[in-house]
Every structure is written in structure tokens, then in C-alpha cells.
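Listed here are the chains, written in short residue letters.
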Amino acid sequence: MQRIVVIGNSGSGKSTLARRLSAILGIPAVHLDTLRFVENESWVSCPKEEFRAKIAAAVATDAWIFEGVSAGTLPLRLERCDTIVFLDYNRFFCAFHAIKRRMKIQRKPRPELPKSCVDKIDKQFLKWILLDYPNQSRPRIVEMIEASGKPVHRFTTRRAMKRFLAGL
């Protein structure tokens, strides 16, 4: 495992898992949101072509753990990866975890986000976790993962994911 894609719903723990894998394997973690959002701008995405160019440059390197949910850019990551970790958790678990994370960190940015992007829980974000991701993005993601032919570690519980980590 030298080029790993970590994918899942918002609130599934992709970033935390990428950091843990990075520490265990000694491979740098790349956070999609770090590449997507403009520094010093609150939740402003960089232009689409610039975003894709950043991803292409990151996946061109020899070793990485790339985490993020963007189905639109997943083919760029899947093409170069050798392993897929799919956090396929229940949507309600993900919503609960996102709310819990927000309450825990209050008004501080997460480490994988630009400092200007502070977590917010609003109707749009909860709609994404509870409806849009499971009904629109997840089916596309599953299709792309299956078509990739790459080894997949699919987890439906945190316990199973932790057993996987313990075995590395």
C-alpha cells in the first residue's frame, strides 16, 4: 500500500483515518479539502481546472494517502491508487459524528482545512450527509470503485476499521 484512496461520506472519519494511516505507514496524507478551498477565504473553492491540476500533481507522486469525498475527481485518484479504503457507514452515524466534531472543536478550523474554513452545521450540510451523498454520490462512487478493479477495504463499522488498523 503506497497510494491509498480513503473515501466516504462527510463525517465518516476520512481525515482522521488518513492521519492514522500516515503515521502507521510513513506515507504523507493529502486532504482534498486543503487543495479545494482558497486560503484566507471562507469556504471559497478554487477554480475547477486549478483544483484538478492540484490533484493531478499530488497523485503523480510515488506515495500518498488521499482522502476526500469528491466523486467528480475520484477517477483521477483511482487511476493511480493501489488500494481503496471505503468508509461506508450509516448516514445517521455520519451526521451524528459531524455534529459531535463541530461541538468538540467549536470555532476552530480542522487541521485539514484552511484556517479560514471553520466547520459549520447547517441545513445544506446535513442534507448532503443524510440525502445527497447516500442517494446521488454514493451510487456513483460504488460504481467507480467496482470498475477500478483495485483492492478495496470496505468498512461499515468503526470497529471493523479499527481492527484493520491494528493489523497493519
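For the structure, check the block above.
Note that the structure is predicted; figures quoted are calculated from it, not measured.

Participant: Explain helix 5 (residues 91-105) residue by residue, including any values.
Facilitator: When the terminal C-alpha atoms of helix 5 are compared, their 21 Å separation across 15 residues agrees well with the 21 Å that a helix rising 1.5 Å per residue should span. Buried within helix 5 are the following residues: C94, A95, H97, A98, R101, R102 and I105. All buried residues of helix 5 lie within an arc of 165° about the axis, which places them on one face of the element. Seen from the buried face of helix 5, the exposed residues on the opposite side, beyond 90 degrees, are F92, F96, M103 and K104. In the core, the buried residues of helix 5 are packed alongside helix 6 (123-148) and helix 7 (158-166).

Participant: Give a detailed account of the pattern of salt bridges, specifying residues and quantitative values.
Facilitator: Counted according to the given criterion, the structure contains five salt bridges. For K54, the salt bridge is made with E50, and the minimal N-O distance between the two is 3.5 Å. One end of the pair is K54 and the other is E50, both in helix 3 (residues 48-59) and four residues apart, which spans about a single turn. Exposure remark for E50: the relative accessible area of 37% places this residue in the partly exposed category. Note that D132 and K127 form a salt bridge whose closest N and O atoms lie 2.9 Å from each other.

Participant: Outline the sheet that holds strand 2 (residues 29-31), listing residues and values.
Facilitator: Read across the open sheet, the five strands follow the order 2-3-1-4-5; overall the sheet is parallel. In this open sheet, the two edge strands, each paired with only one partner strand, are strand 2 and strand 5 (152-155). Each strand axis lies, on average, 15° off the axis of its neighbour in the sheet, ignoring direction. Docked against the sheet, helix 1 (residues 14-25) engages strand 1 (3-8), strand 2, strand 3 (64-67) and strand 4 (83-87), running at close to 160° with respect to strand 1. The strands touched by helix 3 are strand 2 and strand 3; relative to strand 3, the strand with the most contacts, the crossing angle is about 150°.

Participant: Residue-level account of the packing of helix 5 against helix 6, with values.
Facilitator: Running from N to C, helix 5 and helix 6 cross one another at 155°; their axes reach a closest spacing of 10 Å. Relative to helix 6, the element helix 5 lies roughly antiparallel. Regarding helix 5 and helix 6, the two cross each other, and that crossing is right-handed. Contacts between helix 5 and helix 6 involve R91, F92, C94, A95, A98, I99 and R101 from the first element and F125, L126, I129, L130, L131, P134 and N135 from the second. Looking at the contact of helix 5 with helix 6, its residues break down into 11 nonpolar, one polar and two charged.

Participant: I'd like a rundown of the packing of helix 1 against helix 7, residues and numbers included.
Facilitator: Between two packed helices, both the angle of their axes relative to each other and the distance between the axes serve to describe the pair. Interaxial distance between helix 1 and helix 7 falls to 11 Å at its minimum, and their mutual angle equals 15°. One element, helix 1, and the other, helix 7, form an angle in the roughly parallel class. Viewed along their axes, helix 1 and helix 7 form a crossing whose handedness is right-handed. Residues L17, R20, L21 and I24 of helix 1 touch helix 7, and the partners they reach there are M161, F164 and L165. In terms of residue class, the contact of helix 1 with helix 7 is made up of six nonpolar, no polar and one charged.

What counts, and where the lines are drawn
- Residues numbered from 1 in each chain as written.
- Predicted model: local features only at pLDDT ≥ 70, side-chain atom pairs only at ≥ 80, totals over all residues.
- Heavy atoms only, no water.
- Helix = DSSP H or I, 4+ residues; strand = E, 2+ residues; numbered from the N terminus.
- Expected span 1.5 Å × (residues − 1).
- Buried < 20%, exposed > 50% of the residue type's maximum accessible area, 1.4 Å probe, protein only.
- Arc of directions from axis to C-beta.
- Contact = heavy atoms within 4.5 Å.
- Salt bridge = Lys/Arg side-chain N within 4 Å of Asp/Glu carboxyl O.
- Pairing = 2+ DSSP bridges.
- Axes fitted to C-alpha atoms, helices over the stretch in contact; angles between N-to-C directions.
- Parallel < 35°, antiparallel > 145°, perpendicular 65-115°, else oblique.
- Left-handed = near helix turned anticlockwise from the far one by under 90°.
- Nonpolar A, V, L, I, M, F, W, Y, C, P; charged D, E, K, R; others polar.

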